[in-house]
Amino acid sequence: MVLVILFYALQITLLACAGIFMWTWFSGGPYTPIPHHIMESIVKKIDLQPGQVIYDLGAGDARVLIHACKKYKVTAIGYEINPIVLLVGKLKAALARCGTQVHLVLGDLYKAPLRNADVVFVHLLPHGMRRLSRKLLAELPAGARVVSYGAQIPDLTFVKTITVKKGKLTYPLTAHVYTR
Ligand SMILES: C[S@@+](CC[C@H](N)C(=O)[O-])C[C@H]1O[C@@H](n2cnc3c(N)ncnc32)[C@H](O)[C@@H]1O
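Just so you know, these numbers come straight off a predicted model, no measurement behind them.

Draft legend 1. Seen up close, the site of the ligand. Taken together, 25 residues lie near the ligand, and Gly-28, Pro-33, Gly-58, Gly-60 and His-123 sit nearest. Put simply, the parts of the chain that give the shell around the ligand at least two residues each are α1 (2–27), α3 (63–72) and β2 (75–80). Here the shell around the ligand is built from residues that sort into 12 nonpolar, 9 polar and 4 charged.

Draft legend 2. Examining unusual backbone geometry more closely. Located in the positive-phi region is Asp-47, a residue other than glycine, with phi close to 55°. Along the chain, Asp-47 turns up in the loop between α2 (36–44) and β1 (53–57). Given 10 C-beta atoms within 10 Å, Asp-47 falls into the exposed group. Even without being a glycine, Arg-97 presents a positive backbone phi close to 60°.

Draft legend 3. Focus on the sheet that holds strand β4 (residues 119–122). Spatially, β3-β2-β1-β4-β5-β7-β6 is the arrangement adopted by the 7 strands of the open sheet, whose pairing is mixed. Looking at strand neighbours, the two that pair on one side only are β3 (102–106) and β6 (157–163), the edges of this open sheet. Each strand of the sheet is rotated relative to its neighbour by a mean of 20°, with strand direction disregarded. As paired strands, β1 and β2 are joined by 5 bridges and run parallel to one another.

Draft legend 4. Focus on the packing of α2 against α3. With their axes 10 Å apart at the nearest point, α2 and α3 run at an angle of 50° to one another. Relative to α3, the element α2 lies oblique. Here α2 and α3 pass one another in a crossing that is right-handed. Residue-level contacts link His-36, Met-39, Glu-40 and Val-43 of α2 to Arg-63, Val-64, His-67 and Ala-68 of α3.

Draft legend 5. Fine view of the nonpolar core. Within the largest apolar cluster, 46 residues are counted, with the highest numbers of intra-cluster contacts made by Ile-54, Leu-65, Ala-68 and Val-120. The contacts of Val-120, once residues within four sequence positions are left out, are Tyr-55, Leu-57, Leu-114, Leu-136, Ala-144 and Val-146.

Draft legend 6. Structural context of helix α4 (residues 83–95). End to end, α4 covers 18 Å across 13 residues, agreeing with the expected 18 Å (1.5 Å per residue, within 8%). On its buried side, α4 packs onto α3, β2 and β3. Looking one or two residues beyond α4, the residue adopting positive phi is Arg-97, at roughly 60°.

Draft legend 7. How the structure looks around the environment of Gly-89. Mapped onto the elements, Gly-89 comes out in helix α4. Under the C-beta neighbour-count criterion, Gly-89 is labelled buried, with 23 such atoms within 10 Å. Separated by 83 residues in sequence, Gly-89 and Leu-6 have C-alpha atoms that sit 28 Å apart. With near-sequence residues (within four places) excluded, Gly-89 lies in contact with Ala-59, Gly-60, Asp-61, Ala-62, Gly-78, Glu-80 and Leu-104.

Draft legend 8. Examining the environment of Arg-63 more closely. In this structure, Arg-63 sits in helix α3. Accessibility expressed as a C-beta count within 10 Å gives 22 for Arg-63, which makes it buried. For the pair Arg-63 and Phe-21, spaced 42 residues apart in the sequence, the C-alpha separation amounts to 20 Å. Leave out the neighbours within four places in its chain, and Arg-63 touches Pro-33, His-36 and Met-39.

Draft legend 9. Fine view of the pairing of β3. Relative to β3, β2 is paired through 5 bridges, and the arrangement is parallel. Residue pairing across strands places Gly-78 opposite Leu-104, the latter belonging to β3. In this fold, the crossover linking β2 to β3 by way of α4 has right-handed handedness.

So, how was this worked out
Residues numbered from 1 in each chain as written. Predicted model: local features only at pLDDT ≥ 70, side-chain atom pairs only at ≥ 80, totals over all residues. Near = placed C-beta within 6 Å. Helix = DSSP H or I, 4+ residues; strand = E, 2+ residues; numbered from the N terminus. Nonpolar A, V, L, I, M, F, W, Y, C, P; charged D, E, K, R; others polar. Buried ≥ 20, exposed ≤ 12 C-beta atoms within 10 Å, placed from the backbone. Pairing = 2+ DSSP bridges. Axes fitted to C-alpha atoms, helices over the stretch in contact; angles between N-to-C directions. Parallel < 35°, antiparallel > 145°, perpendicular 65-115°, else oblique. Left-handed = near helix turned anticlockwise from the far one by under 90°. Contact = placed C-beta atoms within 7 Å. Core = buried A, V, L, I, M, F, W, Y, C linked by C-beta atoms within 7 Å. Expected span 1.5 Å × (residues − 1). Right-handed = clockwise from strand over helix to strand, strands pointing away.

Quick look at the structure:
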C-alpha cells in the first residue's frame with residue numbers, strides 16, 4: 001500500500017515538474033540558471049553604481065540580484081513565475097542578508113513596471129526576447145541599459161557585447177548590452 005502511494009506521488013511530482021517546465025518554456029524560458037562565474041564576470045562589466053535599480057526579468061534563484069546587491073549595493077527587483085524557484089531565491093537572499101534590498105515578486109515578467117530601472121538583466125529564449133522587446137521600448141527610462149545573456153533582443157539600440165573567458169562548461173559566453 002505504501003509503495004502504491006509512493007508510486008503515485010512520484011508520478012504526480014514528475015508530471016508537475018514537466019508541466020512547470022513546459023509552461024515556463026512557452027512563457028519565456030525554463031529555469032536554466034546562468035553559471036556563477038559567467039554571471040559574476042558579466043555583472044562586473046556593466047558598471048553598476050550604488051543606489052541604482054537592477055531588474056532580473058525571470059529571476060530564477062535570484063543569483064544575479066543577490067550578487068549585485070552584495071557587491072555593488074544596488075536595489076534589486078526580480079520577477080519569477082515558478083513559485084518553487086522563487087522560494088529558493090527568497091531563502092538565498094535572506095541567508096545572504098539581502099532580504100531588504102532584493103525584492104522578489106511572484107509574477108509575470110511581461111507585467112513588471114520598469115519606469116525606475118537603471119539596468120534590466122534578462123536570460124530568456126529568443127521568443128521571450130521578441131515579446132519583451134516591445135515592453136522595453138515602451139517603458140524603459142532614457143539611459144537605462146538592458147543586458148541580455150545569450151539571446152539577442154530585436155529593435156533595441158545595440159551598445160556592446162560582453163565576452164567572458166571560456167571555462168570548463170559549454171555555456172554561452174556572451175551578453176549583449178542595449179539601450180532603448
Ligand atoms: C533561463 S532562466 C534565468 C534565471 C536567471 N535569470 C539566471 O540567469 O540565472 C529563465 C527564468 O525565467 C522564468 N520565467 C519564464 N517565463 C516567465 C514569465 N513570463 N514571468 C516570470 N518569469 C518567467 C523561468 O521560470 C526561469 O526561472
